[in-house]
Amino acid sequence: MFETKNDLPSAVREKTVALLDARLADCLDLHSQTKHAHWNVKGPSFIALHELFDQVAAAVLEFGDEIAERAVQLGGVVHGTSRSVAARSGLPEYPASATTGRDHVDALATALAAFGKNARAAIKAADELGDQDSADLFTEVSRGIDKWLWFVEAHVQAGA
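For clarity, every value in this text was computed on a predicted model and none was experimentally measured.

(A) Summary view of the overall build of the protein. For the protein, the count of helices and strands is five helices and zero strands. Reading the protein from its N terminus to its C terminus gives the helix and strand order α-α-α-α-α. Computed over C-alpha atoms, the radius of gyration of the protein comes to 17 Å, within 12% of the 15 Å expected from 2.2 N^0.38 for 160 residues, which places it in the range of a compact globule. Dimensions of the protein, computed from C-alpha atoms along their principal axes, come out at roughly 55 × 30 × 20 Å. Within the protein, buried positions represent 44% of all 160 residues. A separation threshold of at least 6 residues defines the contact pool for the protein, and within that pool the share at least 24 residues apart is 77%. In the protein, which carries 15 positive and 23 negative side-chain charges, the distance between the mean positions of the two groups comes to 3 Å.

The structure is reproduced here in structure tokens:
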């Protein structure tokens with residue numbers, strides 16, 4: 001940890017940085033999974049899903065940037081390399097068998113839902129640590145992920 005004049009106690013900052021870094025791994029994994037879907041989707045809804053998945057990926061990358069920057073603001077160091085992310089992500093593995101639009105929608109919805117669940121747990125953990133700013137960040141991320149989950153799931157709801 002780097003020294004900072006941030007008034008959160010060092011122990012709180014250390015635990016919060018670990019929490020942020022763990023969710024950063026999830027976020028970068030989610031971005032990678034979303035780009036995988038974007039590149040590989042096939043079928044009659046190709047263009048709609050291709051464009052949607054690209055929008056989701058861009059939003060997820062912004063969430064990751066906010067999470068990483070918060071950790072560094074607290075004096076931490078984040079671990080964002082592909083190898084580090086692969087070793088630490090809490091998301092399920094993206095199914096290599098996904099090819100159709102419906103397959104990718106299901107796989108991406110699963111990943112978004114898992115990320116949302118982890119973000120909501122992080123809200124509670126940051127709040128319990130006494131870092132309301134990080135809790136607020138996770139709340140913003142959670143709301144955003146829920147929106148994108150809605151957009152993705154809408155492609156298969158109501159028998160579409």
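(B) Focus on the packing of aromatic side chains. The full count for this structure, using the stated rule, is two aromatic pairs. Relative to Phe151, the ring of Trp148 lies with its centre 5.1 Å away and its plane at 80 degrees, an arrangement referred to as edge-to-face. Of this pair, Trp148 and Phe151 both sit in helix H5 (residues 132–153), three residues apart, roughly one helical turn. The class for Trp148 is buried, based on a relative accessible area of 8%. The exposure class assigned to Phe151 is partly exposed, which follows from its relative accessible area of 30%. An aromatic cluster of three or more residues is present, and its members are Trp148, Trp150 and Phe151.

(C) Just the pattern of salt bridges, in detail. Summed over all chains, the structure comprises seven salt bridges. Where Asp131 meets Arg70, a salt bridge forms, and the shortest distance between an N and an O atom there is 2.9 Å. With Asp131 in the loop between helix H4 (101–129) and H5 and Arg70 in helix H2 (residues 46–73), this pair connects stretches of sequence that are 61 residues apart. A salt bridge links Arg120 to Asp146, with the shortest nitrogen-to-oxygen separation between them at 3.2 Å. Highlighted residues: Arg120 in helix H4 and Asp146 in helix H5, separated in sequence by 26 residues. Residue Asp146 is classed as partly exposed on the basis of its relative accessible area, which comes to 34%. Taken together, the salt bridges that share partners define one network made up of Arg70, Asp131 and Asp133.

(D) Broad picture of the environment of Pro92. Within the fold, Pro92 resides in the loop between helix H3 (82–88) and H4. Sequence-wise, Pro92 and Asp26 are 66 residues apart; in three dimensions their C-alpha atoms are separated by 9.7 Å.

(E) Representation of the environment of Phe2 within the structure. Considering the arrangement of structural elements, one finds Phe2 in the segment before helix H1 (10–40). Placed 73 residues apart in sequence, Phe2 and Gly75 show a C-alpha to C-alpha distance of 4.4 Å.

Calculation rules
- Residues numbered from 1 in each chain as written.
- Predicted model: local features only at pLDDT ≥ 70, side-chain atom pairs only at ≥ 80, totals over all residues.
- Heavy atoms only, no water.
- Helix = DSSP H or I, 4+ residues; strand = E, 2+ residues; numbered from the N terminus.
- Rg over C-alpha atoms; globule rule 2.2 N^0.38 Å.
- Buried < 20%, exposed > 50% of the residue type's maximum accessible area, 1.4 Å probe, protein only.
- Contact = heavy atoms within 4.5 Å.
- Lys, Arg positive; Asp, Glu negative; His and termini not counted.
- Charge placed at Lys NZ, Arg CZ, Asp CG, Glu CD.
- Phe/Tyr/Trp six-rings, centres within 6.5 Å; stacked < 30°, edge-to-face > 60°.
- Salt bridge = Lys/Arg side-chain N within 4 Å of Asp/Glu carboxyl O.

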